[in-house]
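If you want the building blocks of each chain, they are given just below.
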Amino acid sequence: MPEEKQLSTTSNQSVAIQTRDSLKHCPVAQLLYDQTGGKDGLPLGVVAVVASTDMSIRSASDSVRSGALTVKRFAKDFEERSLSAVILTHLMLAEDIANVSRPMKPEAMATVAKQVSRMLLDDDMSWNLADIRIVADRLGSGECGPVYGGLSGPMIMKAFTDYMGEKMDAFCELRIEEANNFNEEWDRGIDTRRFRKEDEIRKHRDAMHDYQLQQMKKDTKQ
């Protein structure tokens, strides 16, 4: 396997991928590392990008506020097959975590991964790599339903579509929040402009008053 620095096309920073052990913090990146190299292997940049995914993004609400790398950008830089490979690896790891009794057949899971990949790319909402991890973690923990007997295509697709609705709600909440913040800023701006206008009027009135006093003093002396 390649053991050198790789500059990801989705990042302005070089990410050092020296050994498989250096990816212990990201099991998915480790498994993807095993698929790099050779004529049909994944680009090492795929591993670098996945390994650098922000692990603090734990919910749809976090995701819409994160500005994380979108799956559309990822697929554009590394091709759709790389996105499918990332999804497939997450699903395989979810089954390992759940310790299922009957793992899904590799061919069937690969097909579902491609279907999910296409669904995410076709969706108007901006999915990112963290979203894939969140859904896979929920599948592995049983949050999306019992998985002891193994994952299934319908279960996986439902988990992603349910999260899609959740993220859509989070996106709407973010827009409402941004609109409220804008209105507050606008109102503060109006108050500031009103204060400045009133201050200008007050200064002008004081200046006129001083001028009139000076004129009265001159008239008195005369």
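Residues numbered from 1 in each chain as written. Predicted model: local features only at pLDDT ≥ 70, side-chain atom pairs only at ≥ 80, totals over all residues. Heavy atoms only, no water.

### Structural notes on the confidence of the model for the protein chain
Regions with low pLDDT should not have their predicted coordinates read in detail. Our working definition: Confidence scores labelled pLDDT are given residue by residue by the predictor and lie between 0 and 100. The contact definition used throughout considers only heavy atoms, calling two residues in contact when any of these lie within 4.5 Å.
Model confidence for the protein chain is summarised by a mean pLDDT of 82, while 73% of its residues fall at 70 or above. Predicted confidence for residues 1-14 stays below pLDDT 50, and this span has 33 contacts to residues more than four positions away or in other chains.

### Description of the pattern of salt bridges
The following threshold applies: Counted as salt bridges are all cases of a side-chain nitrogen of Lys or Arg within 4 Å of a carboxyl oxygen of Asp or Glu. Strands here are runs of E lasting at least two residues and helices are runs of H or I lasting at least four, both read from the DSSP assignment and numbered beginning at the N terminus.
Per the stated rule, a full pass over the model turns up 13 salt bridges. Among the salt bridges present, the one from arginine 175 reaches glutamate 178, with a minimum N-O distance of 2.6 Å. Of this pair, arginine 175 and glutamate 178 both sit in helix α8 (residues 153-221), three residues apart, which is roughly one turn of the helix. Within this structure, Arg58, Arg133 and Asp137 form a network of salt bridges that share partners.

### Focus: the environment of serine 82
To keep things clear, this is the line we draw: Exposure categories follow from relative accessible area, calculated using a 1.4 Å probe and restricted to protein chains: below 20% of the type maximum is buried, above 50% is exposed, and the middle band is partly exposed.
Relative to the assigned elements, serine 82 resides in helix α5 (residues 80-98). Take serine 82: its relative accessible area is 0%, and that puts it in the buried class. For the pair serine 82 and leucine 42, spaced 40 residues apart in sequence, the C-alpha to C-alpha distance is 6.6 Å. Setting aside anything within four residues of it in sequence, one finds serine 82 in contact with Leu42, Pro43, Val46 and Phe74.

### A few points about the nonpolar core
Which entries qualify depends on this criterion: Definition of nonpolar core: a set of buried residues of the types Ala, Val, Leu, Ile, Met, Phe, Trp, Tyr and Cys, connected through side-chain atoms within 4.5 Å.
Among the nonpolar cores identified, the biggest contains 54 residues, and Leu32, Leu83, Leu120 and Ile156 are the most heavily contacted of them. Among the elements that line this core, the one with the most residues is α8, at eight residues. Beyond its immediate sequence surroundings of up to four residues, leucine 83 is in contact with Val71, Phe74, Ala75, Ser117, Leu121, Leu129 and Ile132.

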